[in-house]
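A structural walkthrough
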Amino acid sequence: MKLVGIVGTNATQSTNRQLLQYMQRHFADQAGLEICEIVDLPAFNEPEQHVAPAAVQTLSDAISAADGVIFATPEYDHSIPAALKSAIEWLSYTTRPLINKPVMIVGASNGSLGTSRAQAHLRQILEAPELKALVMPNVEYLLGHSLQAFDANGDLVDADKRHELDQAFNEFVAFVGLTEKLTPTETFFEQSRQFSWSQITNGEDL
Amino acid sequence: MKKLVGIVGTNARHSYNRQLLTFMQRHFQDQAEIEILELTDVPLFNESTDGSDSPVIQNFNQKITAADGVIIATPEHNHSLPSALKSILEWLSFKLHPLDGKPVMIVGASYSVQGSSRAQLHLRQVLDAPGVNASVMPGSEFLLGRAQAAFDEQGNLKVSGTVDFLDSCFAKFLKFVDVIGELNVPDAISYQPGTYAVHATGHNGEIPMSVTLSKDRIENIQIDTSTETAGISDVAFERIPKAIIDGQTLAVDAISGASMTSHGVIDGVATAVKEAGANPDDLKKRRGGTTAAQPEAPVQTLDTDVVIVGAGGAGLTAAAKVLQSGQRALVLEKFPSVGGNTVRAGGPMNAADPDWQNQFAAIPGEKHTLKALAELDPQTIDPEYRADFETLRGQINDYLNQTTGQPGYLFDSKLLHRIQTYLGGKRTDLNGHKIYGQYDLVKELTDHALDSVKWLESIGVQFDQSQVTMPVGAIWRRGHKPMGDLGFAYIKALQPYVESHGGTIMTETAVQRLTTADGRITGLIAEGPAHQRIEVTAKAVILASGGFAANVKMLQKYNTYWTAIDDDIQTTNSPAMTGDGIELGTRVGADLVGMGFSQMMPVSDPDTGELFTGLQVPPQNYVMVNQQGKRFVNEYGSRDELTQAAIDNGSLFYLIADDEIKKTAYNTSQEKIDQQVAAGTLFRANTLADLAKQIKVDPAVLTATIKAYNSYVDAGEDPEFHKNAFDLKVQVAPFYATPRKPATHHTMGGLKIDTGAHVLNAGGQVINGLYAAGEVAGGIHAGNRLGGNSLADIFTFGRIAAASAVADECAVETE
């Protein structure tokens, strides 16, 4: 199974990056996890043409080629970071690779809440008609006090949190398999791919 | 009338949210003044590259801080607020918190019938986050759906019912602003009366402070500044306590140029307040009572003979000289305090004064240096200097012959000063471009440096005649050291001289541009402390505003000498040194020279650029190791060698010392050392292995490095880096590691001038009425400035600029 893990921040130091790196190693037997960064993406600015800049295209291609996507998001001011939002806006405005893509959301924060509110926002965002991702229901993985969560080797210190992640990941693997059966023909999503924000000017509120 | 800020929540070129805010601005103009802010230039938030101080973020910060309330108009992107809007809110919740307690109204427009409903809910939650902590008006949700059909051609909302609802929302918001204003008034504060001994953070570490509190007032703040460098933070120690007491508040703006000490005083008072049983946060929320709108300041017009930009050593010297010629002088300084970089100088200025120097005995090595100089191949000397070099060679040979077999006296001459300035400044940059000091300027400097010493004495600077000193990097003993107070000694004499002879010094007045008419400079326009516009007409303008060592972007832009200049490099300079005069000059056509060359101080504090933190010991005693724990350079190397080696090794490095070496530190006390260890800015451990762990290097590597170093000390020879001299081994616990990084120290390039300090244009022509003196000008020190020559430069060219300005422009009057 091929997965893409998106580091939801442009910060140099990030425990969300660490979490994805841990998952990459820890689940190596079950899936190949390619870690993608958003730090080099430009800030979204609604270009005249709906053409993805090269860095966005690269990220988009990786997502298209993957069986599923894992977002690891920090929480800034009760929501996802502007940098992650900007990356998602690029994808939604240009190539739309997330349509019908199975998605798992994880998050790490230094506070005790472990990005609960950012994850809820991200779920709502990924359900927007321009994105239409298949976000795995019922499962959320929240890693609080993340600065103390990893040992020197980058492994999760707490056995319960390790176990919880194993379970969540296994569910996601099963979910990816399940969504393959769910998926109708490609043409079913043709309309979604054609969707544009200005289309609704004609009164078609999708 | 209330002042509001409206934020357009998108960076899109076309936006109905912008249209909505523009409509509100017009429609409500009788009820409130709405200033619209755009997100166009806001960079994506990144916690790793702090942009809180950038003009665009500061603009948002200041406008929001000054406003009574904020209206945010948000579109909806992917069921949430746009990243551009989220980004500015992240900037405004990171280091700055202008929205804290600020009344906010949310509106939104969208193509769909939703009218940004989901984005508005997310935005509410974001504004509730503790870092933002805005007071968002509840209810009265204004959602403008199908916005593309909502406005008429004049940009007015078409449907009167929509306008009515917006009217009621806005009326409620104006009331909400008042209600929130009352909520922000803190509760009455009461203190346990008494005098509290606390600490303030000064420029050179912690300093004692005592705060006297009565039951309900801060009565008195006393700060013991005896350990502080005179001149640097004085203004903070005067003004901050006064502002705290006057306003009975801790919401006091830091003084620019002394922000560290400003915050140090505020934090110290906060500690006292806390000890007295009150909550300092309440005092931080309490506005100083100056928020009442000030009337628009009128334009101020001033007329003078010579206006001088910058109140450092060069500017004050020029002003004094103008006044001595019977003309009027006005000095404008952008910072609250005068003195510029001169107050940070060590004090000694170079001037060859053989009559005085000859009274001192030569010290070992000096004759050798002279001999080596005289033996230089004249063909290696650039042609303009060759005749002087030949004459100097004669002087040196006469001296050597005359003193054969004796230790001899300290030799010096104007020519030795000139040739050493020339040789010391000779450099080649990364592009193979060679540079050395322009002959006529170096001649002017070395011929008149001693006159400058005499002139300074005449206006009240006292020099220590009992010793001739050599500042770091000076090459030769010709330093005239003022009595007491280091570089501040000059300012202490110059400032009162200028003020008592009819000169005017205006601080917190930043020059914005020079004015011209018919190809000549006619004065300038500045902004005063109350943001008032000041228009100065003058016969001449002297730029004496210093270099640009505190402007990293500018250094990086021009740099051709260092392989890299880090974004976060610190400076030993005053933060005022941002190249303003160079900008002012080039905008009226001035030419630049030698801009690619700058000088770094290799052993500076990585966080502050300070020289005198950590353990500063003589180079024969410290061991420099890189971030791998290995030595990487001859610790006895020149400033340039040490700097480039540090840059090649990732900039950050450590000075390793032991308990014996510590005793040779000339900058510190046990108390300061303990403070720095506690603060994590200096590392101490009982074993080298533990020390290595603290600075995150491999213990085995550091231990091996020190073992090898100690063996070189025993053998008296360093086969690795050929250190010239060593003294102590590193062997007695506890061990210390002082983190260091190169910091910017002096910028060599600047405005092109002639020997009369006239500023020249690209065609080599004088720009009439414009003069430059000091670090703002280039061409003299070329690739490297000798220690002690900057003071010689400012006092010499400061006087020359004034003399030229008076002779060229002011004599006409007598016709």
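Residues numbered from 1 in each chain as written. Chains lettered and ligands numbered in written order. Predicted model: local features only at pLDDT ≥ 70, side-chain atom pairs only at ≥ 80, totals over all residues. Heavy atoms only, no water.

Topic: the overall build of chain A
We count it as follows: Working definition: helices are DSSP H or I runs of at least four residues, strands are E runs of at least two. Numbering for both runs from the N terminus. Here's how the labels work: a residue is buried when its accessible area is under 20% of the maximum for its type, exposed when over 50%, partly exposed in between, all with a 1.4 Å probe on protein chains only. A contact between two residues is defined here by any heavy atoms of the two lying within 4.5 Å. Note on areas: Shrake-Rupley with a 1.4 Å probe; residue coverage comes only from the protein chains shown.
Each helix and strand counted, chain A has 6 helices and 6 strands in total. Beginning at the N terminus, the succession of helices and strands in chain A can be written as β-α-β-α-β-α-β-α-β-β-α-α. Of all 206 residues assigned to chain A, the portion counted as buried reaches 54%. Here the analysis covers contacts within chain A between residues at least 6 apart in sequence; of these, 79% occur between residues at least 24 apart. A total accessible area of about 9000 Å² is found for chain A, and carbon and sulfur atoms account for 49% of it.

Observations concerning the overall build of chain B
When you go through chain B residue by residue, the secondary structure sums to 23 helices and 31 strands. Scored against the burial criterion, the 815 residues of chain B give a buried share of 55%. In chain B, once contacts between residues fewer than 6 apart in sequence are set aside, the share between residues at least 24 apart is 74%. Carbon and sulfur atoms form 50% of the exposed surface of chain B, whose accessible area is close to 33300 Å².

Some thoughts on helix α3 (residues 83-91) of chain B
Counting buried residues in α3(B) gives 9 out of 9 residues, a clear majority hidden from the surface. Among all positions of α3(B), only S83(B), A84(B), L85(B), K86(B), S87(B), I88(B), L89(B), E90(B) and W91(B) are buried. Against the buried residues of α3(B) lie α3 (82-93) of chain A together with β1 (2-8), α2 (55-66), β3 (69-74) and α4 (117-128) of chain B.

Re the interface of chain A and chain B
Selection rule: By buried area we mean how much accessible surface two parts lose on assembly, using a 1.4 Å probe and totalling the loss over both. The term salt bridge refers to a pairing of a side-chain nitrogen on Lys or Arg with a carboxyl oxygen on Asp or Glu at a separation within 4 Å. Any pair of N or O atoms that falls within 3.5 Å is considered a polar contact. Within protein, one atom must be able to donate a hydrogen and the other to accept it, and sequence-neighbouring residues count only if both atoms are side-chain atoms. Amino acids are sorted into nonpolar (Ala, Val, Leu, Ile, Met, Phe, Trp, Tyr, Cys and Pro), charged (Asp, Glu, Lys and Arg) and polar (every other residue, Gly among them).
On the side of chain B, 34 residues touch chain A, which itself brings 36 residues to the contact. Across the chain A/chain B interface, buried area totals approximately 2800 Å², and carbon plus sulfur atoms make up 50% of it. Put simply, chain A and chain B have 0 salt bridges between them. Put simply, chain A and chain B have 19 residue pairs in polar contact (both at pLDDT 80 or more) between them. The leading source of residues in the side of chain A that touches chain B is α3(A), at 7 residues. For the side of chain A that touches chain B, the per-class residue count stands at 16 nonpolar, 12 polar and 8 charged.

Observations regarding the pairing of strand β12 (residues 329-332) of chain B
Residues and elements named next belong to chain B. For clarity, the cut-off: Here a strand pair is declared whenever DSSP counts at least two bridges between the two strands.
A two-sided burial pattern is seen for β12, the buried positions comprising A329 and V331 on one face and L330 and L332 on the other. Where strand β11 (residues 306-309) and β12 come together, 4 bridges link them in parallel fashion. The residue of β12 that forms the bridge with V307 is L330. As judged from the 3 bridges shared by β12 and strand β17 (residues 504-506), these two strands associate in the parallel manner.

Concerning the packing of helix α14 (residues 439-458) of chain B against helix α23 (residues 789-810) of chain B
Residue and element names in this part refer to chain B. Just so we agree on the cut-off: Throughout, an axis means a line fitted to C-alpha atoms (over the contacting stretch in the case of helices), and angles, computed between N-to-C directions, take values from 0 to 180 degrees. An angle counts as roughly parallel when it lies under 35 degrees, as roughly antiparallel when it exceeds 145, as roughly perpendicular when it falls between 65 and 115, and as oblique in every other case.
Their axes nearest at 8 Å, the elements α14 and α23 cross at an angle of 85°. By the criterion of interaxial angle, the relationship of α14 to α23 is roughly perpendicular. Mapping the contact onto sequence places L441, E444, L445, H448, A449, D451, S452, W455 and L456 in α14 and N789, A792, D793, F795, T796, F797, R799 and I800 in α23. Of the residues in the contact of α14 with α23, the class split is 9 nonpolar, 4 polar and 4 charged.

Brief notes about the confidence of the model for chain A
Put simply, the rule is: Think of pLDDT as the predictor's per-residue confidence, scored from 0 to 100.
Confidence in the prediction of chain A, expressed as mean pLDDT, is 88, and 88% of residues score 70 or more. Every residue in residues 199-206 of chain A is under pLDDT 50, and counting partners more than four places away or in other chains gives 17 contacts.

Re the pattern of salt bridges
Within this structure, the stated rule accounts for 40 salt bridges over all chains. With its nearest N and O atoms 2.7 Å apart, the salt bridge here joins R17(A) to E37(A). Taken together, the residues span a long stretch of sequence, with R17(A) in helix α1 (residues 15-26) and E37(A) in the loop between β2 (32-36) and α2 (54-65) at a distance of 20 residues. Since its relative accessible area comes to 33%, E37(A) is described here as partly exposed. A salt bridge links D178(B) to K2(B); its shortest N-O distance comes to 3.1 Å. Of this pair, D178(B) sits in helix α5 (residues 160-183) while K2(B) sits in strand β1, and the two are 176 residues apart along the sequence. A relative accessible area of 43% means that D178(B) is categorised as partly exposed.

A short note on the environment of Q512(B)
All names here are of chain B. If you trace the backbone, Q512 turns up in strand β18 (residues 510-517). In this structure, Q512 is in contact with I525, A526, E527, L584 and R587, ignoring residues within four places of it in sequence. Separated by 3.4 Å, the side chains of Q512 and E527 make a polar contact.

A look at α1(A)
All names here are of chain A. Cut-off, in case you're wondering: By this rule the span expected of a helix is its residue count minus one, scaled by 1.5 Å.
For α1, which comprises 12 residues, the first-to-last C-alpha distance of 16 Å matches the rise-based estimate of 16 Å (1.5 Å per residue) to within 8%. What α1 keeps buried is the set T15, N16, R17, L19, L20, Y22 and M23. Where α1 is buried, its residues meet β1 (2-7), β2, β3 (68-72), β4 (102-108), β6 (141-143) and α5 (159-182). The backbone nitrogen of N16 has a side-chain oxygen 3.1 Å away, supplied by the residue at the start of α1, namely S14.

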